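Read off the chains here:
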Amino acid sequence: MASTLITGISELWTLDPALDDPSTPHGVADSQVLHDAALVIEDGVIAWTGCAADAPSADRRVDVNGRAVLPGWVDSHSHLIFDGDRAAEFEARMAGEAYAAGGIGVTTGATRSATDERLRELVRGRIAEAVAGGTTTMETKTGYGLTLEHELRSARLASSLVESGELDEATFLGAHLVPAEFDGRDGRPGAEGYVELVSGEMLAAVAPHVRWIDVFCEAGAFDPEQSERVLRAGAAAGLGLRVHGNQLGRSGGVALAAELGAASVDHVNHLSTDDVDALAATASHATRATDVPGRLAVDAGPTVATVLPACDLSTRAPLAPARDLLDAGAAVAIASNCNPGTSYTSAMGFCVATAVLQMHLSLAEAIRAATRGGALALRRSDVGHLAVGARADLHVLDAPAAIHLAYRPGMPLTHQVWRHGAPTP
Ligand code: NIG
């Protein structure tokens, strides 16, 4: 494959993991941002980075004319597989109603009714929107099917998009809500019956198509004991663990995720000091999940606290305490949580700006959380940075410096996006 030299880069955020500075574990070292820089792409990966003056020759040359270049965003939490919107629910919320998990059932009805073709086109459209905003790695979940047939259909769709390279990670979220058919009335099974289905037959059908299992551990969805059963069954089927935890209250989801060694616990709006400490402890080498007897040795690494700023705004929830989490030493990621109920946006730039303006992260901390943080939450080392050997996923900003992301919030600052070494349409 031909090599490409990209030059004229005013700021190049390589975020090279080899240059991490232990004294700023969540920030960015000076050496991880190059000025007046260039990079070379070969075979879809980064082959060289450095000063423009030292750039080697290549088959093709692209001048970005004094723009900043970041790794593409790594969006580690989205729910793209759905039909219908919930604008009326949103409007009612803005008029004072509280968010409740029950809205998931509304989207489930619309999603079940959609044809396969329509669902695929809807998801592809949403991926295109995310890419247009600089996202180059994306996870998505099932969770709006809630029958074996419909969860399997969503998992197959996600997995086919992973195979085609349009998506990167697929997650089984059968435990999103107990569907109405399991209300225990008129001889129908209750919630326990649904937990059994999700962690039994449904999991067995879906597991070959996904890498992760997730559970909504919250009052109104699944309690910690039910969540643990689902997660343990997922781990036994070879899946990595993710948890929706402590979104609406102190649900026990964070403690469970840390205890089981989940890769990520997402939302984290309502945390006790013990929750923060538990997450921070997973980030210290001494207490890595695989080192602690009794924890599931699903994968090594911290339980990443994934904050979802757009969701917090859209639900008028207390913002997740990202600053406290970082100060305590926890690993933090920023994701969009794109879904029709609580966060109908995939705009990671908006999430990063919100993290800086409202959650009191520095720009470097927010960029790192939305790139390397997301990659860590997905246990990937090939994305989220632009060191030699990384996937050549570039976000070329229409700005000379990345600080413009927060300085000019809401402006269309994405000039060009490259995935796997090629510009996206
Ligand atoms: O991550 N919290 C659970 N799941 C989604 C919301 C789903 C919905 O309301 O449709 C979330 O916010």
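The model shown is predicted, which means the values in this text are computed figures rather than measured ones. (Residues numbered from 1 in each chain as written. Predicted model: local features only at pLDDT ≥ 70, side-chain atom pairs only at ≥ 80, totals over all residues.)

### Observations regarding the overall build of the protein chain
To be explicit about the condition: Helix numbers and strand numbers start at the N terminus; a helix is a DSSP run of H or I with at least 4 residues, a strand a run of E with at least 2. With C-alpha atoms as the basis for the radius of gyration, the globule rule is written as 2.2 Å multiplied by the number of residues raised to the power 0.38. The burial label depends on the number of other C-beta atoms within 10 Å of a residue's C-beta. Counts of 20 or more mean buried, 12 or fewer mean exposed, and intermediate counts mean partly exposed, with C-beta atoms placed from the backbone. By definition, residues are in contact whenever their C-beta atoms, placed on the basis of the backbone, come within 7 Å of each other.
The helix and strand tally for the protein chain stands at 13 helices and 15 strands. Relative to the globule expectation of 22 Å for 425 residues, the C-alpha radius of gyration of the protein chain, 21 Å, shows essentially globular dimensions. Here the C-alpha coordinates of the protein chain stretch approximately 75 × 45 × 45 Å along the principal axes. Burial analysis of the protein chain (425 residues in total) assigns 55% to the buried set. Excluding contacts between residues fewer than 6 apart, the proportion of contacts in the protein chain whose partners are at least 24 apart in sequence is 73%.

### A short note on the packing of helix 11 (residues 348-357) against helix 12 (residues 363-377)
This is how the line gets drawn: Fitted lines through C-alpha atoms serve as axes, helices being fitted only where they are in contact, and the angles separating the N-to-C directions of these axes extend from 0 to 180 degrees. For classification, angles of less than 35 degrees are called roughly parallel, those exceeding 145 degrees roughly antiparallel, those between 65 and 115 degrees roughly perpendicular, and all remaining angles oblique. In this scheme the handedness of a crossing depends on how the near helix is turned from the far one: anticlockwise by less than a right angle means left-handed, clockwise means right-handed. In this classification, Asp, Glu, Lys and Arg are treated as charged, Ala, Val, Leu, Ile, Met, Phe, Trp, Tyr, Cys and Pro as nonpolar, and every other residue, Gly included, as polar.
At a closest axis distance of 9 Å, the pairing of helix 11 and helix 12 adopts a crossing angle of 140°. In this view, helix 11 runs oblique relative to helix 12, as classed from their interaxial angle. For the pair helix 11 and helix 12, the sense of crossing is right-handed. Side by side, helix 11 and helix 12 meet where Met348, Cys351, Val352, Ala355 and Val356 of the first sit next to Leu363, Ala366, Ile367, Ala369 and Ala370 of the second. Grouping the amino acids of the contact of helix 11 with helix 12 by side-chain chemistry returns 10 nonpolar, no polar and no charged.

### A look at the packing of helix 6 (residues 224-236) against helix 7 (residues 253-260)
At a minimum axis distance of 10 Å, the contact between helix 6 and helix 7 shows a crossing angle of 30°. As far as their axial angle goes, helix 7 and helix 6 are roughly parallel. Here the hand of the crossing between helix 6 and helix 7 comes out right-handed. Where helix 6 abuts helix 7, its residues Pro224, Ser227, Glu228 and Leu231 lie against Gly253, Leu256 and Leu260. Residues that form the contact of helix 6 with helix 7 fall into these classes: four nonpolar, two polar and one charged.

### As for the confidence of the model for the protein chain
Any segment with low pLDDT has predicted coordinates that should not be analysed in fine detail. The following threshold applies: Note on scores: pLDDT gives the predictor's confidence for each residue, bounded by 0 and 100.
Averaged over every residue, the pLDDT of the protein chain is 95; the share at 70 or more is 96%. Below pLDDT 50 for its whole length, residues 286-298 participates in 23 contacts with residues either more than four positions away or in separate chains. Note on the complex model: pTM 0.96, ipTM 0.98.

### Here's the deal with the domain arrangement of the protein chain
Many descriptions give the size of an interface as the accessible area lost when the pieces come together. Let me state the cut-off plainly: Boundary definitions for the domains trace back to an automatic or database domain assignment.
According to the domain assignment, the protein chain consists of domain 1 (4-71 + 386-423) and domain 2 (73-377). The C-alpha centroid of domain 2 is placed 29 Å from the C-alpha centroid of domain 1. Within the residue set of the side of domain 1 that touches domain 2, elements represented by two or more residues are strand 4 (60-71), helix 13 (404-407) and strand 14 (414-419). A per-element tally of the side of domain 1 that touches domain 2 places strand 14 first, with three residues.

### Describing the site of the ligand
Spelled out, the test is: All residues are tested the same way: a C-beta atom is placed from the backbone, and lying within 6 Å of a molecule or strand makes the residue near it.
With respect to spatial proximity, 13 residues lie near the ligand, and among them Gly103, Ile104, Phe216, Gly341 and Thr342 are the closest. Per-class residue counts for the shell around the ligand are four nonpolar, nine polar and no charged.

### Focus: the sheet that holds strand 6 (residues 135-141)
Which entries qualify depends on this criterion: Any two strands with at least two DSSP bridges between them are considered paired.
The eight strands lie next to each other as 5-6-7-8-9-10-11-12, forming an open sheet whose pairing is parallel. Where the open sheet ends on each side, the last strands, each with one partner, are strand 5 (73-75) and strand 12 (332-334). Sheet twist, expressed as the average angle between the axes of neighbouring strands with direction ignored, equals 25°. Note that strand 7 (residues 169-175) and strand 8 (residues 212-217) share three bridges and pair parallel. Bridging across to strand 8, threonine 171 finds its partner in tryptophan 212.

### Some remarks on the nonpolar core
Generally speaking, a soluble globular protein has its nonpolar side chains buried in company with each other. To keep it simple, the criterion reads: Core membership is restricted to buried Ala, Val, Leu, Ile, Met, Phe, Trp, Tyr and Cys residues, and these are joined into a nonpolar core through C-beta atoms within 7 Å.
If you look at the biggest cluster of nonpolar residues, it comprises 131 residues, and the most contacted ones within it are Val332 and Val352. Considering every element that reaches this core, the biggest residue donor is helix 12, with nine residues. Looking at which domains feed residues into this core, each of domain 1 (4-71 + 386-423) and domain 2 (73-377) supplies at least three. Once residues lying within four places of it in the same chain are set aside, the contact partners of valine 352 are Ile334, Ala366, Ile367, Ala370 and Leu405.

### Some details on the sheet that holds strand 2 (residues 33-42)
Pairing in this open sheet of seven strands is mixed, and the strands run 3-2-1-4-13-14-15 from one edge to the other. Because the sheet does not close on itself, it has two edges, and the strands there are strand 3 (45-51) and strand 15 (422-423). Bridge analysis of strand 14 against strand 15 gives two bridges, and the strand direction is antiparallel. The partner of tryptophan 418 across the bridge, within strand 15, is proline 423.

### Side note on the UniProt feature "binding site: Fe(3+)" (unreviewed entry) in the protein chain
Selection criterion: UniProt positions are given in the numbering used here, feature names are shortened, and annotations may be inferred rather than shown by experiment.
Taking the numbering used here, the UniProt-annotated feature "binding site: Fe(3+)" (unreviewed entry) corresponds to His77, His79, His244 and Asn337. Look at the named residues: they lie 261 residues apart in sequence, but the longest C-alpha span between them is just 12.2 Å, so in the fold they bunch up. The topology assignment puts histidine 77 in the loop between strand 5 and helix 1 (87-94). Among all residues touching histidine 77, those that are not within four sequence positions of it are Glu139, Asp266, Thr306, Leu308, Ala335 and Asn337. Overall, the presence of 32 C-beta atoms within 10 Å leaves histidine 244 in the buried class. Setting aside chain neighbours within four positions, we find histidine 244 in contact with Asp214, Val215, Phe216, Cys217, Glu218, Gly253, Asp266 and His267.

### Quick look at the pairing of strand 6
With seven of seven residues buried, strand 6 lies mostly within the body of the structure. Sheet topology note: the strand 5/strand 6 ladder contains three bridges and is parallel. Within strand 6, the residue paired with aspartate 75 across the bridge is methionine 138. Bridge count between strand 6 and strand 7: three bridges; the pairing is parallel. Paired with threonine 140 across the two strands is alanine 170, which belongs to strand 7.

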